[in-house]
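Single-letter residue listing:
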Amino acid sequence: MNSIKDPETSTIFALATGLGRGAIAIMRASGPLCATILEALAGPLPKARYATLRFLRHKGDVLDHALLLWFPGPHSYTGDDSFELHLHAGPAIIEAVSDALIDLGARPAEAGEFTKKAVQKGRLDLLQAEAIADLVDSETQSQRKQALRQADGALSHLYQQWAQRLRSVLAQQEALIDFPDEDLPPEVENALAQECSSLLTEINNHLQDERGELTRNGLIIVIAGSPNVGKSSLLNALSGEEAAIVTHQAGTTRDAISVDWVLDGIKLRLVDTAGLRETDDVIEAEGIKRALQHVEKADLVLHLLGPGENAEALVPNEILLRTKTDLSPALPHELGINTKEETGLEPLKKRLKDHLAQILSERSAPPLTRARHRAGLEETKRHLINAQSASWPELRGEELRLAMLSLGRLTGHVDIEALLDSIFSQFCIGK
(Lines give C-alpha, C1' and ligand atoms only; values in the text may rest on other atoms or scores of the structure.)
Protein backbone atom coordinates (compact mmCIF):
# COMPACT_ATOMS: atom_id res chain seq x y z
CA MET A 1 0.00 0.00 0.00
CA ASN A 2 1.36 3.42 -0.94
CA SER A 3 2.11 6.16 1.58
CA ILE A 4 -0.81 8.45 2.34
CA LYS A 5 1.03 11.76 2.23
CA ASP A 6 4.37 11.24 0.50
CA PRO A 7 3.98 12.79 -2.99
CA GLU A 8 6.78 10.59 -4.33
CA THR A 9 4.95 7.35 -3.50
CA SER A 10 1.28 8.33 -3.40
CA THR A 11 -1.04 7.48 -6.26
CA ILE A 12 -3.98 9.86 -6.22
CA PHE A 13 -7.28 10.05 -8.07
CA ALA A 14 -10.17 12.47 -8.37
CA LEU A 15 -13.19 13.25 -10.49
CA ALA A 16 -12.11 15.98 -12.92
CA THR A 17 -15.68 16.77 -13.99
CA GLY A 18 -18.56 18.08 -11.90
CA LEU A 19 -20.67 15.96 -9.59
CA GLY A 20 -24.22 15.07 -10.54
CA ARG A 21 -25.98 13.15 -13.30
CA GLY A 22 -24.53 13.59 -16.80
CA ALA A 23 -23.32 11.84 -19.92
CA ILE A 24 -19.60 11.58 -19.15
CA ALA A 25 -17.52 11.70 -15.98
CA ILE A 26 -13.72 11.88 -16.20
CA MET A 27 -11.76 10.20 -13.44
CA ARG A 28 -8.06 11.03 -13.44
CA ALA A 29 -5.26 9.33 -11.52
CA SER A 30 -1.54 10.01 -11.11
CA GLY A 31 1.31 8.26 -9.33
CA PRO A 32 3.70 5.29 -9.40
CA LEU A 33 0.92 2.65 -9.13
CA CYS A 34 -0.99 3.91 -12.19
CA ALA A 35 0.31 1.26 -14.60
CA THR A 36 -0.45 -1.56 -12.16
CA ILE A 37 -3.93 -0.20 -11.37
CA LEU A 38 -4.87 0.37 -15.02
CA GLU A 39 -3.74 -3.13 -16.00
CA ALA A 40 -5.77 -4.58 -13.12
CA LEU A 41 -8.89 -2.70 -14.26
CA ALA A 42 -8.61 -2.94 -18.05
CA GLY A 43 -5.91 -5.41 -19.11
CA PRO A 44 -2.73 -4.53 -21.05
CA LEU A 45 -1.76 -0.88 -21.10
CA PRO A 46 -3.14 0.96 -24.15
CA LYS A 47 -0.97 2.98 -26.53
CA ALA A 48 0.15 6.19 -24.82
CA ARG A 49 -2.06 9.24 -25.42
CA TYR A 50 -4.52 7.31 -27.62
CA ALA A 51 -8.14 6.81 -26.58
CA THR A 52 -9.01 3.12 -26.16
CA LEU A 53 -12.42 1.59 -25.40
CA ARG A 54 -12.26 -1.12 -22.71
CA PHE A 55 -14.42 -2.86 -20.11
CA LEU A 56 -13.40 -1.99 -16.55
CA ARG A 57 -13.46 -4.99 -14.22
CA HIS A 58 -12.72 -5.47 -10.53
CA LYS A 59 -13.12 -8.62 -8.46
CA GLY A 60 -15.07 -10.28 -11.26
CA ASP A 61 -17.57 -7.43 -11.70
CA VAL A 62 -17.85 -5.26 -14.83
CA LEU A 63 -17.81 -1.66 -13.59
CA ASP A 64 -18.29 0.18 -16.89
CA HIS A 65 -17.49 0.31 -20.60
CA ALA A 66 -15.16 3.30 -20.74
CA LEU A 67 -12.58 5.20 -22.77
CA LEU A 68 -9.03 5.02 -21.38
CA LEU A 69 -6.17 7.44 -21.86
CA TRP A 70 -2.70 6.45 -20.67
CA PHE A 71 -0.04 9.15 -20.02
CA PRO A 72 3.31 7.66 -18.96
CA GLY A 73 5.62 9.98 -17.04
CA PRO A 74 7.48 12.24 -17.32
CA HIS A 75 5.41 13.43 -20.30
CA SER A 76 2.19 13.97 -18.40
CA TYR A 77 0.51 16.89 -16.65
CA THR A 78 1.94 15.91 -13.26
CA GLY A 79 5.22 14.41 -14.48
CA ASP A 80 4.20 11.02 -13.00
CA ASP A 81 2.47 8.09 -14.70
CA SER A 82 -1.18 9.11 -15.15
CA PHE A 83 -4.40 7.91 -16.71
CA GLU A 84 -7.93 9.10 -17.36
CA LEU A 85 -11.12 7.06 -17.34
CA HIS A 86 -14.00 8.54 -19.34
CA LEU A 87 -16.93 6.92 -17.56
CA HIS A 88 -20.68 7.00 -17.91
CA ALA A 89 -21.60 9.61 -15.30
CA GLY A 90 -23.97 7.60 -13.16
CA PRO A 91 -23.36 8.05 -9.42
CA ALA A 92 -23.24 4.29 -8.90
CA ILE A 93 -20.54 3.91 -11.58
CA ILE A 94 -18.42 6.71 -10.12
CA GLU A 95 -18.73 5.19 -6.64
CA ALA A 96 -17.82 1.70 -7.85
CA VAL A 97 -14.76 2.89 -9.78
CA SER A 98 -13.63 5.02 -6.82
CA ASP A 99 -13.91 2.04 -4.49
CA ALA A 100 -11.90 -0.08 -6.94
CA LEU A 101 -9.14 2.54 -7.18
CA ILE A 102 -8.87 2.71 -3.39
CA ASP A 103 -8.83 -1.08 -3.18
CA LEU A 104 -5.96 -1.16 -5.70
CA GLY A 105 -3.82 1.25 -3.67
CA ALA A 106 -4.77 4.78 -4.76
CA ARG A 107 -6.21 7.47 -2.51
CA PRO A 108 -8.53 10.46 -3.12
CA ALA A 109 -6.60 13.59 -4.06
CA GLU A 110 -6.52 16.69 -1.90
CA ALA A 111 -7.42 20.13 -3.24
CA GLY A 112 -5.01 21.14 -6.01
CA GLU A 113 -2.82 18.09 -5.56
CA PHE A 114 -2.51 17.27 -9.27
CA THR A 115 -1.15 20.74 -10.01
CA LYS A 116 0.98 20.60 -6.87
CA LYS A 117 2.61 17.43 -8.23
CA ALA A 118 3.21 19.21 -11.54
CA VAL A 119 5.06 22.03 -9.73
CA GLN A 120 7.10 19.63 -7.61
CA LYS A 121 8.13 17.74 -10.75
CA GLY A 122 9.10 20.96 -12.54
CA ARG A 123 6.33 20.72 -15.14
CA LEU A 124 4.98 24.13 -14.04
CA ASP A 125 6.16 26.99 -11.86
CA LEU A 126 3.99 28.67 -9.23
CA LEU A 127 2.93 31.50 -11.53
CA GLN A 128 1.68 29.03 -14.14
CA ALA A 129 -0.06 26.98 -11.46
CA GLU A 130 -1.90 30.06 -10.20
CA ALA A 131 -2.87 30.85 -13.78
CA ILE A 132 -4.49 27.42 -14.11
CA ALA A 133 -6.57 28.16 -11.00
CA ASP A 134 -7.53 31.52 -12.55
CA LEU A 135 -8.42 29.78 -15.81
CA VAL A 136 -10.76 27.37 -14.02
CA ASP A 137 -12.36 30.31 -12.18
CA SER A 138 -12.55 32.65 -15.20
CA GLU A 139 -15.99 34.16 -15.74
CA THR A 140 -15.27 36.57 -18.59
CA GLN A 141 -13.36 36.49 -21.87
CA SER A 142 -10.79 39.01 -20.62
CA GLN A 143 -10.09 36.82 -17.57
CA ARG A 144 -9.76 33.75 -19.80
CA LYS A 145 -7.28 35.46 -22.14
CA GLN A 146 -5.20 36.79 -19.26
CA ALA A 147 -5.08 33.41 -17.49
CA LEU A 148 -4.10 31.61 -20.71
CA ARG A 149 -1.29 34.07 -21.32
CA GLN A 150 0.05 33.58 -17.81
CA ALA A 151 -0.35 29.79 -17.98
CA ASP A 152 1.75 29.92 -21.15
CA GLY A 153 4.55 31.46 -19.07
CA ALA A 154 4.41 35.16 -20.02
CA LEU A 155 4.76 36.39 -16.43
CA SER A 156 7.24 33.62 -15.55
CA HIS A 157 9.52 34.64 -18.42
CA LEU A 158 9.52 38.27 -17.26
CA TYR A 159 10.41 37.39 -13.65
CA GLN A 160 13.01 34.82 -14.72
CA GLN A 161 14.64 37.45 -16.92
CA TRP A 162 14.84 39.79 -13.93
CA ALA A 163 16.26 36.98 -11.80
CA GLN A 164 18.94 36.27 -14.40
CA ARG A 165 19.93 39.94 -14.45
CA LEU A 166 20.02 39.99 -10.64
CA ARG A 167 22.33 36.96 -10.67
CA SER A 168 24.65 38.82 -13.00
CA VAL A 169 24.63 41.88 -10.72
CA LEU A 170 25.30 39.70 -7.69
CA ALA A 171 28.22 38.03 -9.46
CA GLN A 172 29.75 41.43 -10.16
CA GLN A 173 29.22 42.44 -6.54
CA GLU A 174 30.89 39.24 -5.31
CA ALA A 175 33.88 40.04 -7.52
CA LEU A 176 34.20 43.44 -5.84
CA ILE A 177 34.02 41.79 -2.39
CA ASP A 178 36.36 38.85 -3.09
CA PHE A 179 39.06 40.83 -4.91
CA PRO A 180 39.22 44.19 -3.11
CA ASP A 181 42.95 44.55 -3.74
CA GLU A 182 42.67 43.94 -7.46
CA ASP A 183 42.51 46.98 -9.68
CA LEU A 184 39.10 46.22 -11.10
CA PRO A 185 38.03 48.90 -13.56
CA PRO A 186 35.56 51.46 -12.17
CA GLU A 187 33.23 50.48 -15.01
CA VAL A 188 32.36 47.29 -13.07
CA GLU A 189 30.85 49.18 -10.14
CA ASN A 190 29.22 51.72 -12.45
CA ALA A 191 27.59 48.98 -14.50
CA LEU A 192 26.36 47.30 -11.30
CA ALA A 193 24.73 50.52 -10.10
CA GLN A 194 23.15 51.19 -13.51
CA GLU A 195 21.70 47.68 -13.72
CA CYS A 196 20.22 47.96 -10.20
CA SER A 197 18.66 51.28 -11.17
CA SER A 198 17.29 49.82 -14.41
CA LEU A 199 15.75 46.84 -12.59
CA LEU A 200 14.17 49.15 -10.03
CA THR A 201 12.60 51.25 -12.77
CA GLU A 202 11.15 48.19 -14.53
CA ILE A 203 9.78 46.71 -11.30
CA ASN A 204 8.25 50.06 -10.35
CA ASN A 205 6.52 50.34 -13.72
CA HIS A 206 5.25 46.78 -13.34
CA LEU A 207 3.87 47.50 -9.86
CA GLN A 208 2.03 50.56 -11.16
CA ASP A 209 0.34 48.50 -13.90
CA GLU A 210 -2.97 47.38 -12.38
CA ARG A 211 -4.44 45.76 -15.51
CA GLY A 212 -3.99 42.21 -14.29
CA GLU A 213 -5.60 42.69 -10.89
CA LEU A 214 -8.44 44.72 -12.40
CA THR A 215 -9.14 42.01 -14.99
CA ARG A 216 -8.99 39.21 -12.42
CA ASN A 217 -11.01 40.91 -9.67
CA GLY A 218 -13.27 43.10 -11.81
CA LEU A 219 -13.43 46.87 -12.22
CA ILE A 220 -15.63 48.90 -9.88
CA ILE A 221 -17.98 51.43 -11.48
CA VAL A 222 -19.75 53.66 -8.95
CA ILE A 223 -22.97 55.49 -9.80
CA ALA A 224 -23.11 58.76 -7.87
CA GLY A 225 -25.14 61.96 -7.79
CA SER A 226 -27.82 63.82 -5.88
CA PRO A 227 -30.96 62.10 -4.50
CA ASN A 228 -33.66 61.01 -6.96
CA VAL A 229 -31.47 61.76 -9.97
CA GLY A 230 -31.92 58.24 -11.42
CA LYS A 231 -28.98 56.28 -10.00
CA SER A 232 -30.98 53.19 -9.05
CA SER A 233 -32.86 53.27 -12.36
CA LEU A 234 -29.54 53.31 -14.23
CA LEU A 235 -28.19 50.39 -12.17
CA ASN A 236 -31.29 48.35 -13.01
CA ALA A 237 -31.20 49.35 -16.69
CA LEU A 238 -27.54 48.45 -17.20
CA SER A 239 -27.58 45.21 -15.22
CA GLY A 240 -30.95 44.03 -16.53
CA GLU A 241 -32.05 43.29 -12.96
CA GLU A 242 -34.43 44.96 -10.52
CA ALA A 243 -31.62 45.11 -7.99
CA ALA A 244 -32.36 48.54 -6.51
CA ILE A 245 -35.68 49.98 -5.28
CA VAL A 246 -36.87 52.87 -7.44
CA THR A 247 -39.36 55.40 -6.04
CA HIS A 248 -40.09 59.10 -6.39
CA GLN A 249 -39.10 59.61 -2.76
CA ALA A 250 -35.61 61.08 -2.36
CA GLY A 251 -33.11 59.20 -0.20
CA THR A 252 -34.48 55.69 -0.86
CA THR A 253 -30.96 54.26 -1.18
CA ARG A 254 -29.22 54.46 2.20
CA ASP A 255 -26.41 51.95 1.70
CA ALA A 256 -24.48 50.83 -1.37
CA ILE A 257 -26.07 48.21 -3.63
CA SER A 258 -23.72 46.31 -5.96
CA VAL A 259 -24.41 44.11 -8.97
CA ASP A 260 -21.93 42.09 -11.05
CA TRP A 261 -22.09 42.90 -14.75
CA VAL A 262 -20.11 41.76 -17.80
CA LEU A 263 -19.58 44.28 -20.61
CA ASP A 264 -17.69 43.31 -23.74
CA GLY A 265 -16.11 40.34 -21.94
CA ILE A 266 -14.89 42.41 -18.98
CA LYS A 267 -16.03 41.75 -15.41
CA LEU A 268 -17.47 44.83 -13.71
CA ARG A 269 -19.18 45.64 -10.46
CA LEU A 270 -21.84 48.36 -10.60
CA VAL A 271 -22.34 50.14 -7.29
CA ASP A 272 -25.42 52.28 -6.59
CA THR A 273 -24.84 54.76 -3.76
CA ALA A 274 -26.82 57.07 -1.51
CA GLY A 275 -27.76 60.48 -2.93
CA LEU A 276 -25.22 63.19 -2.15
CA ARG A 277 -26.71 66.14 -0.26
CA GLU A 278 -26.66 67.94 3.08
CA THR A 279 -28.85 66.17 5.64
CA ASP A 280 -29.60 66.04 9.37
CA ASP A 281 -30.77 62.42 9.16
CA VAL A 282 -28.11 60.35 10.96
CA ILE A 283 -28.72 57.19 8.92
CA GLU A 284 -28.75 59.01 5.58
CA ALA A 285 -25.59 60.93 6.56
CA GLU A 286 -23.80 57.63 7.17
CA GLY A 287 -24.98 56.41 3.77
CA ILE A 288 -23.59 59.57 2.13
CA LYS A 289 -20.28 59.09 3.95
CA ARG A 290 -20.05 55.54 2.59
CA ALA A 291 -21.04 56.75 -0.87
CA LEU A 292 -18.10 59.15 -0.93
CA GLN A 293 -15.78 56.34 0.20
CA HIS A 294 -16.97 54.20 -2.72
CA VAL A 295 -16.42 57.13 -5.09
CA GLU A 296 -12.81 57.50 -3.91
CA LYS A 297 -12.08 53.79 -4.44
CA ALA A 298 -13.86 53.46 -7.80
CA ASP A 299 -12.06 52.65 -11.03
CA LEU A 300 -14.68 54.79 -12.79
CA VAL A 301 -17.54 57.01 -11.58
CA LEU A 302 -20.76 57.67 -13.47
CA HIS A 303 -21.65 61.13 -12.15
CA LEU A 304 -25.36 61.75 -12.71
CA LEU A 305 -26.83 65.27 -13.00
CA GLY A 306 -30.54 65.99 -13.04
CA PRO A 307 -32.32 68.61 -15.21
CA GLY A 308 -30.87 72.08 -14.59
CA GLU A 309 -28.39 70.74 -12.04
CA ASN A 310 -24.76 71.85 -12.00
CA ALA A 311 -22.07 70.26 -9.88
CA GLU A 312 -18.30 70.15 -9.58
CA ALA A 313 -16.50 66.99 -10.61
CA LEU A 314 -16.32 64.41 -7.83
CA VAL A 315 -13.12 62.73 -9.08
CA PRO A 316 -10.97 62.94 -12.22
CA ASN A 317 -12.01 59.47 -13.41
CA GLU A 318 -15.70 60.21 -14.03
CA ILE A 319 -18.20 60.36 -16.88
CA LEU A 320 -20.86 63.09 -16.64
CA LEU A 321 -24.37 61.86 -17.40
CA ARG A 322 -27.37 64.16 -17.77
CA THR A 323 -30.46 62.20 -16.71
CA LYS A 324 -34.15 62.66 -17.56
CA THR A 325 -33.36 64.19 -20.93
CA ASP A 326 -37.07 64.38 -21.72
CA LEU A 327 -37.13 67.32 -19.28
CA SER A 328 -33.74 68.89 -20.07
CA PRO A 329 -31.28 68.01 -22.87
CA ALA A 330 -27.65 67.15 -22.18
CA LEU A 331 -24.90 69.72 -22.69
CA PRO A 332 -22.29 69.11 -25.43
CA HIS A 333 -19.68 67.65 -23.03
CA GLU A 334 -22.22 65.35 -21.35
CA LEU A 335 -23.95 62.12 -22.24
CA GLY A 336 -27.71 62.16 -21.97
CA ILE A 337 -29.82 59.25 -20.74
CA ASN A 338 -33.47 58.57 -20.04
CA THR A 339 -33.93 55.21 -18.39
CA LYS A 340 -37.72 55.46 -18.52
CA GLU A 341 -37.65 55.63 -22.32
CA GLU A 342 -34.42 53.58 -22.51
CA THR A 343 -32.60 56.24 -24.55
CA GLY A 344 -28.91 57.00 -24.31
CA LEU A 345 -27.93 53.60 -22.90
CA GLU A 346 -26.12 52.38 -26.03
CA PRO A 347 -23.94 55.53 -26.34
CA LEU A 348 -23.16 55.14 -22.63
CA LYS A 349 -22.13 51.51 -23.12
CA LYS A 350 -19.91 52.53 -26.04
CA ARG A 351 -18.25 55.21 -23.91
CA LEU A 352 -17.74 52.63 -21.15
CA LYS A 353 -16.19 50.15 -23.60
CA ASP A 354 -13.80 52.81 -24.90
CA HIS A 355 -12.85 53.80 -21.36
CA LEU A 356 -12.32 50.18 -20.27
CA ALA A 357 -10.25 49.46 -23.37
CA GLN A 358 -8.02 52.37 -22.43
CA ILE A 359 -7.62 51.13 -18.84
CA LEU A 360 -6.95 47.54 -19.87
CA SER A 361 -5.02 48.26 -23.06
CA GLU A 362 -2.68 45.49 -24.21
CA ARG A 363 0.99 46.16 -23.59
CA SER A 364 4.06 44.13 -24.37
CA ALA A 365 4.82 43.39 -20.70
CA PRO A 366 2.36 41.04 -18.95
CA PRO A 367 0.63 42.45 -15.85
CA LEU A 368 0.82 41.00 -12.35
CA THR A 369 -2.45 39.41 -11.26
CA ARG A 370 -2.31 38.62 -7.53
CA ALA A 371 -1.58 40.26 -4.21
CA ARG A 372 1.16 37.64 -3.65
CA HIS A 373 2.98 38.89 -6.74
CA ARG A 374 2.70 42.51 -5.61
CA ALA A 375 4.01 41.70 -2.12
CA GLY A 376 6.97 39.75 -3.50
CA LEU A 377 7.93 42.51 -5.91
CA GLU A 378 7.59 45.18 -3.22
CA GLU A 379 10.02 43.16 -1.09
CA THR A 380 12.40 42.77 -4.04
CA LYS A 381 12.22 46.50 -4.67
CA ARG A 382 12.94 47.28 -1.00
CA HIS A 383 16.09 45.16 -1.02
CA LEU A 384 17.30 46.74 -4.27
CA ILE A 385 16.84 50.21 -2.75
CA ASN A 386 18.77 49.08 0.33
CA ALA A 387 21.52 47.70 -1.92
CA GLN A 388 21.85 51.05 -3.67
CA SER A 389 22.26 52.91 -0.40
CA ALA A 390 24.50 50.36 1.36
CA SER A 391 27.87 51.81 2.35
CA TRP A 392 29.70 48.48 2.62
CA PRO A 393 30.11 46.06 -0.32
CA GLU A 394 29.24 43.12 1.96
CA LEU A 395 25.94 44.75 2.95
CA ARG A 396 25.17 45.49 -0.67
CA GLY A 397 25.81 41.87 -1.57
CA GLU A 398 23.51 40.66 1.21
CA GLU A 399 20.69 42.93 0.03
CA LEU A 400 21.11 41.67 -3.52
CA ARG A 401 20.90 38.06 -2.29
CA LEU A 402 17.69 38.90 -0.39
CA ALA A 403 16.29 40.53 -3.53
CA MET A 404 17.06 37.31 -5.45
CA LEU A 405 15.31 35.28 -2.76
CA SER A 406 12.19 37.46 -2.90
CA LEU A 407 12.02 37.24 -6.69
CA GLY A 408 12.62 33.49 -6.65
CA ARG A 409 9.69 32.91 -4.30
CA LEU A 410 7.33 34.29 -6.96
CA THR A 411 8.04 31.50 -9.42
CA GLY A 412 8.77 28.91 -6.74
CA HIS A 413 12.39 28.38 -7.73
CA VAL A 414 13.48 29.35 -4.21
CA ASP A 415 12.02 28.19 -0.89
CA ILE A 416 9.02 26.61 -2.61
CA GLU A 417 7.71 24.22 0.04
CA ALA A 418 6.63 26.96 2.47
CA LEU A 419 4.25 28.36 -0.18
CA LEU A 420 2.60 25.26 -1.58
CA ASP A 421 -0.13 24.44 0.94
CA SER A 422 -1.57 27.97 1.11
CA ILE A 423 -1.61 28.36 -2.69
CA PHE A 424 -3.00 24.96 -3.67
CA SER A 425 -5.76 24.97 -1.06
CA GLN A 426 -7.57 27.36 -3.44
CA PHE A 427 -7.88 24.67 -6.13
CA CYS A 428 -10.77 22.30 -6.75
CA ILE A 429 -10.12 18.66 -5.81
CA GLY A 430 -9.64 17.34 -9.38
CA LYS A 431 -7.14 20.01 -10.46
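The rules behind these values
- Residues numbered from 1 in each chain as written.
- Predicted model: local features only at pLDDT ≥ 70, side-chain atom pairs only at ≥ 80, totals over all residues.
- Heavy atoms only, no water.
- Pairing = 2+ DSSP bridges.
- Helix = DSSP H or I, 4+ residues; strand = E, 2+ residues; numbered from the N terminus.
- Buried < 20%, exposed > 50% of the residue type's maximum accessible area, 1.4 Å probe, protein only.
- Contact = heavy atoms within 4.5 Å.
- Salt bridge = Lys/Arg side-chain N within 4 Å of Asp/Glu carboxyl O.

With that settled, consider the sheet that holds strand E12 (residues 335-336). Sheet architecture is open: six strands sit in the order E8-E9-E7-E10-E11-E12, paired in mixed fashion. Only two strands of the sheet have a single neighbouring strand rather than two, namely strand E8 (257-263) and E12. For E8 and strand E9 (residues 266-272), the ladder comprises seven bridges, and the chain directions are antiparallel. Bridge pairing links Trp-261 to Leu-268 in E9.

The next subject is the pairing of strand E3 (residues 52-58). Burial along E3 is one-sided: the residues Thr-52, Arg-54, Leu-56 and His-58 are buried and none of Leu-53, Phe-55 and Arg-57 is. As defined by bridge partners, E3 adjoins strand E4 (residues 61-71) across seven bridges and the pair is classed as antiparallel. Each bridged residue has a counterpart across the sheet, and for Arg-57 the counterpart in E4 is Val-62. Where E3 folds back on E4, the antiparallel hairpin that results is connected by two residues, among which Lys-59 adopts a positive phi of roughly 55°.

Of note, His-206 is situated in helix H7 (residues 186-208). On a C-alpha basis, the gap between His-206 and Pro-367 in space is 6.8 Å, while along the polypeptide they are 161 residues apart. Residues in contact with His-206, not counting those within four places in the same chain, are Leu-155, Leu-158, Tyr-159, Trp-162, Pro-366, Pro-367, Leu-368 and Leu-377.

Another aspect to go through is the pattern of salt bridges. Opposite charge on two side chains allows them to pair when their charged atoms are near. Going through the model one piece at a time under the given rule, you end up with 19 salt bridges. Between Glu-130 and Arg-372 there is a salt bridge, with its nearest N and O atoms 2.8 Å apart. You can see Glu-130 sitting in helix H4 (residues 126-137) and its partner Arg-372 sitting in helix H12 (residues 371-389), a full 242 residues away along the chain. Here Glu-130 falls in the buried class, since its relative accessible area comes to 2%. Overlapping salt bridges, with partners in common, bring together Asp-80, Lys-117 and Lys-121 in one network.

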